[in-house]
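Chain residues, written in single-letter form:
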Amino acid sequence: MTGTANGAVDEARARVLAELRQGERFLLVTHENPDGDALGSLVAMHGVLTALGKDSLMFMDADEFPLPYEYAFFRLDNLVSIVPDDLDERTVVFLDCGNIDRTPSDLLRNADAHIVNIDHHHDNTRFGTVNLVVDAASCTAEIVWDLMQDLRVDPTPEIADALYVGLVTDTGKFMYENTGTRAHKMAAALIEAGVDVHEIYRRLYEGMPEPKLLLLARALNHVQRFDEGRLTVTLLTREDFLATGAEDSFTEGIIDHLRSVRGTKVAAMARELPANGDGPRSKVSLRATDGGGRRLGDRTRGRGRRTPAGRGLHHRHDR
Ligand SMILES: [Mn+2]
């Protein structure tokens, strides 16, 4: 990547550029429960490949829909929820996905696919045929932005908006420790390309459904503190979701309230997930406050559908 002394990254970057230039057909993939950077990188890369005249399809599992309300504005033309028959002939581009187990489709996981893995998680398992893992990047959108310069693709309004969503969400509105001059320079360039900053803010952070507020109220009501306040914890049961009408994705951001309480070293939120055929399931999210609120991990417990060990541990900047 420009400005780094890391030869391995530079080499990977050159290989990825060659893959993007030479490939004709692509399938773009991101992690399950996609966040702003996942969706933003996906949509932006799709725009870039389309601008280059390539055949690009975005893949997302049907279970991901409806998307969380804050991301519902993304236009997802050319999105498929079934892995296409010509997978063997497509270059599969993974974006913002630290571990192939975070892919909802078993087919993608098991196939002998030709994979280009573009990510910023430091513990990315490098599962691709080519791996461009830039842990100095604030978000995957920043890596896409960097590649675009060499591919000589100008940001369309749609690409610019998508990149900006990735940038603003993964940097905590430019406040997490991963925010450097590069993030701000990218923001400036995107604003020059036409991003309406306040409009994006409104889409992402206003228009909260009332059930989300009610769920937050319950979560705050259930707060407990342990070890002289070093551990701040809350719990949400199925009853809390049913009574408020909240969806699971409405838990997003609750843990930040716990983390910000003075004296807290670790914040934790446990929640019950809807039972499936295999019985009750729950999930615990953890954040540490040193290092700007590092994500320690999310664990799903029970015999649920997706329970690979350590799931979520690979997301230092995933917030
Ligand atoms: Mn990310």
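Scroll up to find the structure this text is about.
Position numbers for residues count from 1 along each chain, tracking the sequence in the order it is written. Owing to the predicted nature of the model, reporting of local features is limited to residues with pLDDT of at least 70; listing and counting of side-chain atom pairs is limited to 80 or more, with chain, interface and lining totals taken over all residues.

Novice: With reference to specific residues and values, describe the overall build of the protein chain.
Specialist: Secondary structure is summarised from DSSP: a helix means a run of H or I of at least four residues, a strand means a run of E of at least two, and numbering begins at the N terminus for each. Along the protein chain, the regular secondary structure elements total eleven helices and eleven strands. Counting over 319 residues, the protein chain shows a buried share of 39%. Put simply, 62% of the contacts in the protein chain that link residues at least 6 apart link residues at least 24 apart. Around each residue's C-beta, the other C-beta atoms within 10 Å are counted; 20 or more make the residue buried, 12 or fewer make it exposed, and counts in between make it partly exposed. All C-beta atoms are placed from the backbone. We call two residues in contact whenever the C-beta atoms placed from their backbones are within 7 Å.

Novice: So, the sheet that holds strand 2 (residues 55-59): which residues are in play, and what are the values?
Specialist: Taken in spatial order, the six strands line up as 3-2-1-4-5-6 in an open sheet, and their pairing is parallel. This sheet does not close on itself; its edge strands, each paired only once, are strand 3 (79-80) and strand 6 (130-133). Pairing between two strands is assigned when DSSP locates at least 2 bridges connecting them. As defined by bridge partners, strand 2 adjoins strand 3 across two bridges and the pair is classed as parallel. Note that in strand 3 the partner of M58 across the bridge is L79. Packed onto the sheet, helix 1 (residues 7-22) meets strand 4 (91-95), strand 5 (114-119) and strand 6 and runs at close to 120° relative to strand 6. Axis definition: a line fitted to C-alpha atoms, limited for helices to the stretch in contact. Angles are taken between N-to-C directions and run from 0 to 180 degrees.

Novice: Can you break down the nonpolar core residue by residue, with the values?
Specialist: Buried Ala, Val, Leu, Ile, Met, Phe, Trp, Tyr and Cys residues whose C-beta atoms connect them within 7 Å together make up a nonpolar core. Counting 55 residues, the largest nonpolar core has L28, V93, V144 and L163 as its most contacted members. When neighbours within four sequence positions are excluded, L163 is seen to be in contact with G40, A44, A141, V144, W145, P155 and L190. A219, L258, A267 and A268 belong to the second-largest nonpolar core, a separate cluster that totals 13 residues.

Novice: Report on the pairing of strand 10 (residues 279-288), specifying residues and quantitative values.
Specialist: Each regular strand displays side chains that alternate between the two surfaces of the sheet. Relative to strand 10, strand 9 (residues 266-276) runs antiparallel, the two being bridged by nine bridges. Following the sheet pairing, R271 is matched in strand 10 by K283.

Novice: Any details on the environment of D55? Residues and values, ideally.
Specialist: Among the structural elements, D55 can be located in strand 2. Take D55: there are 15 C-beta atoms within 10 Å of it, and that puts it in the partly exposed class. Spatially, the C-alpha atoms of D55 and G23 are 9.1 Å apart, while their sequence positions differ by 32 residues.

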